[in-house]
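Coordinate analysis (summary)
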Amino acid sequence: MTENSKIYAPNVYLFAFHLCQPLESESISPGEFTKLWQKCDEILQTKLAVGKAFNGSYVSKKDEPAGWRVNLIKKEVVGQRNSLAFDKNISHENQQISLKGFAQPLRIDDSYALGLQIRVPEKVDGNKTPAVDVSIFKEFNPDNCLLPDFVQSYFGQTLLLTAWLSVEQNQAARADSQFLQALGKQCLEKLISGQNQPDFYRQGELFGSPILEYGNPSQPDSYCHIIIWFFNSPATDEIWDETRYSDFMDLFLYRNKILRAYHDSRKLYLVTRDEYKQIELNIDATFKYLQQDEAHQRQLKGAGLKQEELEHLERQTIEMPPRAVKYARLLMDLEFRQNTIAINAQNYQDKLNQISVDLKARNKYNDSDINLSFLETFSKETCPQFQRQIQADLGYFKHGSGLLDQATEAIRAIVAIEEAYRDAKLEVTIQAVGFSLGVAGLVAGSSPYLIKQDPPNQMVALPLLKVGINSFAFVLLISIGAGFGVWLLVMLGANSKNLLGKFKNLLNRNKQLPPQ
C-alpha cells in the first residue's frame, strides 16, 4: 500500500433498471417485476450483511401510487426517510472503517429503478475520516454482487465510483497523463474479482473533476458500464448533490434503454439476415425448378406444366404470405428499436439541457465546471451512430419484402396462366365432344332419308369389302365416323398454333443438320 493508492471518502453507486410492466413481444411472469427488489434484498442481507432487509420496505405493485416518477419506499417503515439507510463497521488493512449507504426503489415512467449507495463517509461524529487504500472497493462488491451477471436487470445498469484525490495525487496527475488511468485500473481490479473487467473506453472531465469510463457500448456481448470519478475540485462536491443524483438516475435510465434497444437490434439483425438469405434461396429454388430443361421446353412448346409442378407453385403461394408477414414483423421490430433509441436520446439530451440551464442560473461556476461535453458525447455521437447502423440494416432488408411480394405475384401469375390454359383446353375438349355428338346425332337422324328402310333391317352391301352389314350397324358406324371427324377437326383447329410451332422447329432443326 502506497500513499498514491489511498483515496478519501470512496463511494459506489449502483443505478439499475428493470421492467415494471409486461411487453407485448415477450411473455414475462409476474414475479419477474419484483426481481430487482429481490436482488437488492439479497445484496444487503447476504452479500453485504448489513442487517437490514429490503423486502417489506417498498410498496407492493398493487399499491403503487400513480405518477411519472414515484418513490416506492415505505416511509413509515424506514423512519420517514426517502430510502432505506444502513451502516456497518469493518476492519480493513488494520483500520476500523465505518460503511454507510442507502437503497431506494423508484418507478420512473414505465421502468423500475434501484439506487444503491455504499460509501466511506467523509466525517464520522464530526471528525474527518482517514484516507483508505483502493482495496476498500472489494468490501463494497463481495462475490461481484453489484455486477450485471448477478443483478440481472432487464434494461441494464451503471456503476459509478467516486473518491477524493489527495494533493499528492493531483500533482502526480499533472505530471503524468497516465496516472489517473493507472489509479482507475487499480480501483477496478479491487472492485471486480476475476477476469470480467471492462476495457477502458475514454477519459474526460465533468463538473471540474477528471472522470474515466469503462465498457464500449458498441460491444454488447461483454458490456459492463462503469464510471470512475475522481473529485479534486470544490465545485464538483458542491454540484454533486441530491438533485444531480436524481438527474443522473434519469440520464442512466435513458442511456441503458438506448443500449438495450441497440443490443436487441444486433440480435434482430442476425435473425433477419438469416431469414433474408432463406427467402432468397427459396425464391431462387422455385424459379430454377421452373427453368429445368424439360419444364422449360414444355413451356416453349405450349404444353404447360406438369401437375406436380403446378401443385408445387400453388404450395408456394400458400407458404409465402405467412413468411412475408413474419419478415415484416422482424422489420417492424428493428424500426421499434430505432424509435426507442431516438426517443430516449432526445430525453437524454433534454435532461442535459435542464442541468446546464440550472447550473448557469447559479452564476457561480466557470465554464469548465459546467461543461457537459463528457455526457453529451453519448447523445451527440454514439446514439446517431446506432441510428445510422439500424437505418442501414433496414435499407438493406426492406428489399426482402419487395422480393417476396414480386415473387408471390409472379408465381400467382404463372399459376393463373396455367389454370387458364387448362380451362381453355377443357373448354375446347367439351366443345369438340359437343360438336361431334351433334353431328353424329344429325347423321343418325338423317339415315332414313339415305338408306331405304323397306324391308326393315335389310343388309347393306359394302363395295370394297364385298360383304353386307345390317342397316342399323351401318348407320351407327357412319354416325361415329362423322362425330370423330368433327372432333378431330375442332381439336386440330384449336392446336394449330402449337402444330405450326412444332413444324417450324422441325424445319430449323433440319437446316442445322450437317450435309451428308
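Throughout what follows, the structure given in this document is the object of discussion.

What counts, and at which threshold
By convention here, each chain's residues receive numbers from 1 onward along its written sequence. Confidence filtering applies because this is a predicted model: local features only for residues at pLDDT of at least 70, side-chain atom pairs given and counted only at 80 or more, and all residues used for totals across whole chains, interfaces and linings. Hydrogens and water are ignored here; the side-chain numbers use all heavy atoms of the structure. Runs of E in the DSSP output that reach at least two residues are strands. Runs of H or I that reach at least four are helices, and both are numbered from the N terminus. Here's how the labels work: a residue is buried when its accessible area is under 20% of the maximum for its type, exposed when over 50%, partly exposed in between, all with a 1.4 Å probe on protein chains only. The contact criterion used throughout is that any non-hydrogen atoms of two residues lie within 4.5 Å. Using the Shrake-Rupley algorithm and a 1.4 Å probe, accessible areas are obtained, with residue cover drawn only from the displayed protein chains. When a carboxyl oxygen of Asp or Glu lies within 4 Å of a side-chain nitrogen of Lys or Arg, that pair is called a salt bridge. When DSSP finds two or more bridges between two strands, those strands count as paired.

**Notes on the overall build of the protein chain**
- A count of helices and strands for the protein chain gives 12 helices and 14 strands.
- By the burial criterion, 43% of the 516 residues in the protein chain qualify as buried.
- Once local pairs closer than 6 in sequence are excluded, the contacts in the protein chain between residues at least 24 apart make up 70%.
- Carbon and sulfur atoms make up 53% of the accessible area of the protein chain, which amounts to about 27800 Å² in all.

**With respect to the pattern of salt bridges**
- Applying the stated criterion to the full structure yields 20 salt bridges.
- The closest approach of N and O atoms between Glu213 and Arg202, which form a salt bridge, is 2.7 Å. Residue Glu213 is located in strand S11 (residues 209-214), and its partner Arg202 is located in strand S10 (residues 200-206); the two are separated by 11 residues in the primary sequence.
- Since its relative accessible area comes to 18%, Arg202 is described here as buried.
- For Asp358, the salt bridge goes to Arg362, with nearest N and O atoms at 3.3 Å. You can see Asp358 and its partner Arg362 sitting in helix H9 (residues 307-362), 4 residues apart, about one turn around the helix.
- The class of Asp358 is partly exposed, set by a relative accessible area of 29%.
- Residue Arg362 is classed as partly exposed on the basis of its relative accessible area, which comes to 29%.
- Through salt bridges with shared partners, one network takes in Arg69, Asp241, Arg244, Asp247, Asp250, Lys351, Asp358 and Arg362.

**Thoughts on the environment of Leu180**
- Topologically, Leu180 is positioned in helix H5 (residues 179-191).
- Residue Leu180 is classed as buried on the basis of its relative accessible area of 8%.
- When the C-alpha atoms of Leu180 and Ile211 are compared, they prove to be 8.9 Å apart, with 31 residues separating the residues in sequence.
- What Leu180 contacts, discounting residues up to four positions off in sequence, is Leu165, Ala173, Gln203, Pro210, Leu212 and Phe230.

**Quick word on the pairing of strand S5 (residues 111-119)**
- Taking burial as the measure, the 9 residues of S5 include 8 buried ones, the bulk of the element.
- Where strand S1 (residues 6-19) and S5 come together, 9 bridges link them in antiparallel fashion. Within S5, the residue paired with Asn11 across the bridge is Arg119.
- Pairing of strand S4 (residues 95-108) with S5 involves 9 bridges; the strand directions are antiparallel. Bridge pairing in S5 places Gln104 opposite Gly115.
- With antiparallel pairing between neighbouring strands as the criterion, S4 and S5 make up a hairpin whose turn holds 2 residues, including Asp109 at a positive phi of roughly 60°.

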